[in-house]
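Architecture at a glance
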Amino acid sequence: MENTLLNTVSEKLKSKFGDAIVFSEQHYDFPVFVIKREKIIDIIQFLKDDPEMGFGFLTTMCALHFPENKGQEMGLMYQLQNMQKNWRIRLKIFFPINDVVVPTATGLFAAANWMERQEYDFFGIIFKGHPNLKRILNMDEMNYFPMRKEYPLEDAAREDKNDSMFGR
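Described in the following lines is the structure provided in the data block. (Residues numbered from 1 in each chain as written. Predicted model: local features only at pLDDT ≥ 70, side-chain atom pairs only at ≥ 80, totals over all residues. Heavy atoms only, no water.)

**Remarks on the packing of aromatic side chains**
One pass over the full model with this rule turns up 4 aromatic pairs. Seen from their ring centres, Phe17 and Phe46 are 5.7 Å apart, and the 75 degrees between their planes marks the pair as edge-to-face. Pair noted here: Phe17 is in helix H1 (residues 2–17) and Phe46 is in helix H2 (residues 40–49), with a separation of 29 residues, a long-range link. Geometry around Phe109 places Lys48 over its ring, the cationic atom sitting 4.7 Å from the centre. Here the basic side chain of Arg90 rests over the ring of Phe30, its NZ or CZ set 4.0 Å away from the ring centre. (Phe/Tyr/Trp six-rings, centres within 6.5 Å; stacked < 30°, edge-to-face > 60°. Helix = DSSP H or I, 4+ residues; strand = E, 2+ residues; numbered from the N terminus. Lys NZ or Arg CZ within 6 Å of the ring centre and 35° of its normal.)

**Some points on the pattern of salt bridges**
With the rule as written, the count across this model stands at 8 salt bridges. The partner of Lys12 in a salt bridge is Asp50, and the shortest N-O contact between them spans 3.2 Å. You can see Lys12 sitting in helix H1 and its partner Asp50 sitting in the loop between H2 and strand S3 (57–65), a full 38 residues away along the chain. One salt-bridge network, in which partners are shared between bridges, spans Lys12, Asp50 and Glu52. (Salt bridge = Lys/Arg side-chain N within 4 Å of Asp/Glu carboxyl O.)

**Side note on the sheet that holds strand S1 (residues 21–27)**
In space, the 5 strands of this open sheet follow the order S1-S2-S5-S4-S3, with mixed pairing throughout. Both outer strands of the open sheet, S1 and S3, are each paired with one neighbouring strand and no more. Strand after strand, the sheet turns through a mean of 20 degrees between neighbouring axes, direction not considered. Looking at chain direction, S1 and strand S2 (residues 30–35) are connected through 6 bridges and run antiparallel. The partner of Glu25 across the bridge, within S2, is Val32. Against the sheet, H2 contacts S1, S2, strand S4 (74–82) and strand S5 (87–95), and its axis sits at roughly 170 degrees relative to S5. Lying on the sheet, helix H3 (residues 112–123) is in contact with S3 and S4; it crosses S3 at an angle near 10 degrees. (Pairing = 2+ DSSP bridges. Axes fitted to C-alpha atoms, helices over the stretch in contact; angles between N-to-C directions. Contact = heavy atoms within 4.5 Å.)

**Thoughts on H3**
For H3, built from 12 residues, the straight-helix expectation of 16 Å at 1.5 Å per residue is met to within 8% by its first-to-last C-alpha distance of 16 Å. The buried fraction of H3 is high, at 9 of 12 residues. Of all the positions in H3, only Ala112, Met115, Glu116, Arg117, Glu119, Tyr120, Asp121, Phe122 and Phe123 are classed as buried. Where H3 is buried, its residues touch S3, S4, strand S6 (101–103) and strand S7 (126–128). Of the residues one or two after H3, Gly124 is the one with positive phi, at around 80 degrees. (Expected span 1.5 Å × (residues − 1). Buried < 20%, exposed > 50% of the residue type's maximum accessible area, 1.4 Å probe, protein only.)

Next comes the structure, spelled out in structure tokens:
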């Protein structure tokens, strides 16, 4: 079933968007497509509007931070679902940490509003065209993005913990 879905969606996307589809694979139970950032909204719009695809539900959007991937340190992952066919797919885009601007998906999915605000709040991703892009969970005064892997997990000065007891 899943490989059939991977092939079906892959053929549709490649015929319509060509080299905007960087990579595709079956990852556990999800077909995964890596997309060029500048085409992400066009591709999501197509997947939502195409009668055969019908991915009308944005289930998840989350940011990714891979500091070791120079030039593609940041990313976004979108999970879409076709409720009638019970199809689920994952789309990913990657971009440099010094250019974290991504087009908003709020015009396609109302739920993207809060999802985008959360990813801005925690990772600093700027969603161009978002109607109200401001922090949603953290204090407005914060001048950093706490979910980026730029900060140590623990205070290195602490002497009251033995990390070897916790598998480190």
